[in-house]
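# Per-entry structural report
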Amino acid sequence: MSGTQIESILTEARTFPVPEEFARQANMDQAQYEALCRQAAENPAEFWGKLARDHLHWDKPFNQVLDDSQAPFYKWFSDGELNVSVNCLDRHLDSPTRNKAAIIWESEQGEVVTLTYAQLHREVSRFAATLQDLGIHLGDRVAIYMPMVPEAVIAMLACARIGAIHTVVFGGFSAEALKDRIEDTQARLLITADGGYRAGKVVPLKHNADQALSRSSHAVEHMIVFQRTGEEVNMQSGRDLWWHDLAAKAQVDCAPLAVNAEHPLLILYTSGSTGKPKGIVHSSGGYLLWSLLTTHWVFDLKPTDVYWCTADIGWITGHSYVVYGPLALGATVFMYEGAPTYPDAGRFWDMIEHHRVNVFYTAPTAIRALMKLGDEWPNRYDLSSLRLLGTVGEPINPEAWMWYYKVIGKERCPIADTWWQTETGGHMISPLPGVTPLKPGSCTRPLPGIFPDIVDEEGEIIQSTEAGGYLVMTRPWPGMLRTVWGDEARYIENYWAKFNNRFYVAGDSAHRDMDGYYWIMGRIDDVLNVSGHRLGTMEIESALVAHPAVAEAAVVGRPHEIKGEAICAFVVLRQSHAGEDMDALAQTLRAHVADAIGPIARPDEIRFTDNLPKTRSGKIMRRLLRAIARGEEITQDTSTLENEETVRQLER
Ligand code: WT7
């Protein structure tokens, strides 16, 4: 965010009361909210235990709610057993939900496919049986690299049915990123498609998957390929298998395997402040409970709702709010494969009108991009089915909030600005639409059972309503990450060590106003937020220095109107490349980063320099580079710089 945006958020004073009509029908009203908050504070074991018993189907009931004997490796419901796919599918089959749409999917070309709960159950069972036939067992890792098609959801739930741990890799990530994740998880199987569609073009998933595997030091035994585009692909005999061939042979039934509540359901990689993304591990019981509860409370889902979360399943938002939360509730999920503005800027609004979407959840970057295209687009469509809006991924600037509220929600729909992270499993700080008055730009107050605080460098709680500090969680919750895959030390180091394991450290700074509302100010580590996606500056830097022309690189963010942050890279070339065509080289390096990580990491700008500004102890002065990237005047003291003239060269 730019300085002025932060300014406007900090001085934002408008409040929007809860519409009475909404409050009357809400899944949670003021009295329930207060009772839950009180219970959570006074008797957490009773609070969480009751919710877990009331909302989930257990094959073996648990006795112990929280085991904190090895904190901060917390365990929840850990003597209980359940199956996640049973909770999302089988348990709905004895009710009218059986024949209700679980997924309504629309392709970019406009085809529509509907799967009822009974049909989805059948496909998941069939695919789970296929996985079993291929020898996939409890605890095996399965990588999923798929477009946004129902088969991606089927693959995830099939893993859950047999206790395999899925790791979904966003289809927009490169072969290299896929390779890293396959190696880190030691996946036995990769599920992909021949391709996917985006903005009228084909994304060559199978081709990328081939490249990933050819570079990988770890070999998967099989690759299952779903035929989506019909493009010709190379099938390696013995290793690669067509989804449709397997489905034709598979038996339809696959008994679900009850797993321990703490058994990992999924691993999902996210960027941190080091070069290597972390595999965030989520559990079966606690994660499912938290994604279900937050979907119910925050999105106020009703059995008759059509609900649409625009996130790709490659992100945690897609896991919790396209798949696990809504399906566990028996909701109807709308799913779209394609670009938001294809074939034109009305596409999202057209689908909301056509499918009568009631609850709509998207990201500030999408809101800003659509806002920029003009009100005439949404105004052409009937958006009266909408009753609730949501946003996630980064702080929303009040201007975009107001546009969303007025032009999309027609001043009728509450907006849930949901603060959470890959690590938290589900929403943490968010308005409850029937309870919480809204302030544009604030994610408002914690959900019942969640206890955030703001602390200073010493870990002291900040009471001031103006000063910002570290956003921390002072109590564990069931949806929290359990560890970093294969790296317990990193789990401690990243999330707990800073304040001696006393708090979960989110990595964001925030402040709390006099109404107890939280205002997220941004990341405190070297993590960028580009279009709501986390990218480590180190990750981009290591991609750059891996190129033969680059001697050294430093990456910083700068405000961007639509993406939130743009990526600016300062690059020192090797002597041998000094005389080359700079424009061409910049293009090459941008493409190189896109290839190494994925197109979202492509630097917006590359600046060549002879030196990076460093302190005498050799630390790159990132603050200075940030100011230069923003085109701000350098007011910092540069006298501690080892190479002061560098700054002047960079300012040009
Ligand atoms: C980071 C987490 C959780 C799904 C999407 C991103 C930022 C997220 C908000 C919000 C202000 C937000 C934070 C957080 N963030 N939601 N409503 N207001 N900031 O997940 O990739 O794990 O990123 O996104 O900085 O730490 P993620």
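Residues numbered from 1 in each chain as written. Predicted model: local features only at pLDDT ≥ 70, side-chain atom pairs only at ≥ 80, totals over all residues. Heavy atoms only, no water.

### A short note on the UniProt feature "binding site: Mg(2+)" (unreviewed entry) in the protein
The condition that has to hold: UniProt positions are given in the numbering used here, feature names are shortened, and annotations may be inferred rather than shown by experiment. The helix count covers DSSP runs of H or I at least four residues long, the strand count covers runs of E at least two residues long, and both are numbered beginning at the N terminus. The contact criterion used is simple: two residues touch if any of their non-hydrogen atoms lie within 4.5 Å.
Mapped onto this numbering, the UniProt entry annotates "binding site: Mg(2+)" (unreviewed entry) at Val545, His547 and Val550. Along the polypeptide, Val545 turns up in helix 18 (residues 537-545). Positionally, Val550 belongs in strand 28 (residues 550-560). Leave out the neighbours within four places in its chain, and Val550 touches Leu544, Val545, Val571, Val572, Arg574 and Leu589.

### Here's the deal with the site of the ligand
Heads up, the rule is: Residues are counted as near a molecule or strand when any one of their heavy atoms sits within 4 Å of it. N or O atoms within 3.5 Å of each other form a polar contact, as long as, within protein, one can give a hydrogen and the other can take it, and as long as residues adjacent in sequence are counted only when both atoms are side-chain atoms. To measure how exposed things are, a 1.4 Å probe is used in the Shrake-Rupley method; for residues, cover is taken only from the protein chains shown.
Lining the immediate environment of the ligand, one finds 18 residues, of which Asp417, Thr418, Thr422, Asp508 and Arg534 sit closest. One nitrogen or oxygen atom from the main chain of Pro395 is found 3.4 Å from a nitrogen atom belonging to the ligand. The contact in question runs from an oxygen atom of the ligand to an N or O atom on the side chain of Asp508, over 2.9 Å. Notes on the ligand: free accessible area 560 Å², of which the protein chains cover 95%.

### Here we look at the environment of Trp315
Applicable threshold: Each residue is placed in one exposure class: buried if its accessible area under a 1.4 Å probe, protein chains only, is under 20% of its type's maximum, exposed if it is over 50%, and partly exposed if it falls in between.
Among the structural elements, Trp315 can be located in the loop between strand 16 (306-309) and helix 12 (316-328). Residue classification places Trp315 among the buried positions, given a relative accessible area of 17%. For the pair Trp315 and His533, spaced 218 residues apart in sequence, the C-alpha to C-alpha distance is 8.7 Å. When sequence neighbours within four positions are dropped, the list of residues in contact with Trp315 reads Phe170, Phe173, Leu268, His533 and Ile600.

### Some points on the sheet that holds strand 29 (residues 564-573)
Spelled out, the test is: In short, DSSP must find at least two bridges between two strands for them to pair. A fitted line through C-alpha atoms serves as each axis, taken over the contacting stretch for helices, and the angle formed by two N-to-C directions is quoted from 0 to 180°.
Pairing in this open sheet of 3 strands is mixed, and the strands run 28-29-30 from one edge to the other. Edge positions in the sheet fall to strand 28 and strand 30 (605-608), since each has one partner strand and no second. Sheet twist, expressed as the average angle between the axes of neighbouring strands with direction ignored, equals 25°. Taken together, the 4 bridges between strand 29 and strand 30 define a ladder with parallel strand orientation. Across the sheet, residue Cys568 finds its bridge partner in strand 30, namely Glu605. Contacting strand 28, strand 29 and strand 30, helix 19 (residues 582-596) crosses the sheet at an angle of about 130° to strand 30.

### Thoughts on the pairing of strand 18 (residues 359-362)
Across the two faces of strand 18 the burial is the same, with Val359 and Tyr361 and Phe360 and Thr362 all buried. Bridging between strand 16 and strand 18 involves 3 bridges; their strand directions are parallel. Residue pairing for strand 18: Cys309 is matched across the bridge by Tyr361. Where strand 18 lies against strand 19 (residues 388-391), 4 bridges are found, and the strand directions are parallel. Looking at strand 19, one finds that Thr362 is bridged to Thr391.

### Remarks on the packing of aromatic side chains
The relation between two aromatic rings is expressed through the spacing of the ring centres and the mutual angle of the planes. Applicable threshold: Note on aromatic contacts: the rings of Phe and Tyr and the six-membered ring of Trp form a pair at centre separations within 6.5 Å, being stacked when their planes are under 30 degrees apart, edge-to-face when over 60 apart, and tilted otherwise.
The tally for this structure, following the rule as stated, stands at 40 aromatic pairs. Pairing Trp48 with Trp290 gives two aromatic rings, centres 5.6 Å apart and planes at 75°, and the pair type is edge-to-face. Taken as a pair, Trp48 in helix 4 (residues 44-55) and Trp290 in helix 11 (residues 285-298) lie far apart in primary sequence, 242 residues in all. The same class applies to Trp48 as to Trp290, namely buried. Consider the rings of Phe170 and Trp315, whose centres lie 4.7 Å apart with planes at 40°: the pair is tilted. Placement of Phe170 in the loop between strand 7 (165-168) and helix 8 (175-185) and of Trp315 in the loop between strand 16 and helix 12 is noted, with a sequence separation of 145 residues between them. The class of Phe170 is buried, set by a relative accessible area of 16%.

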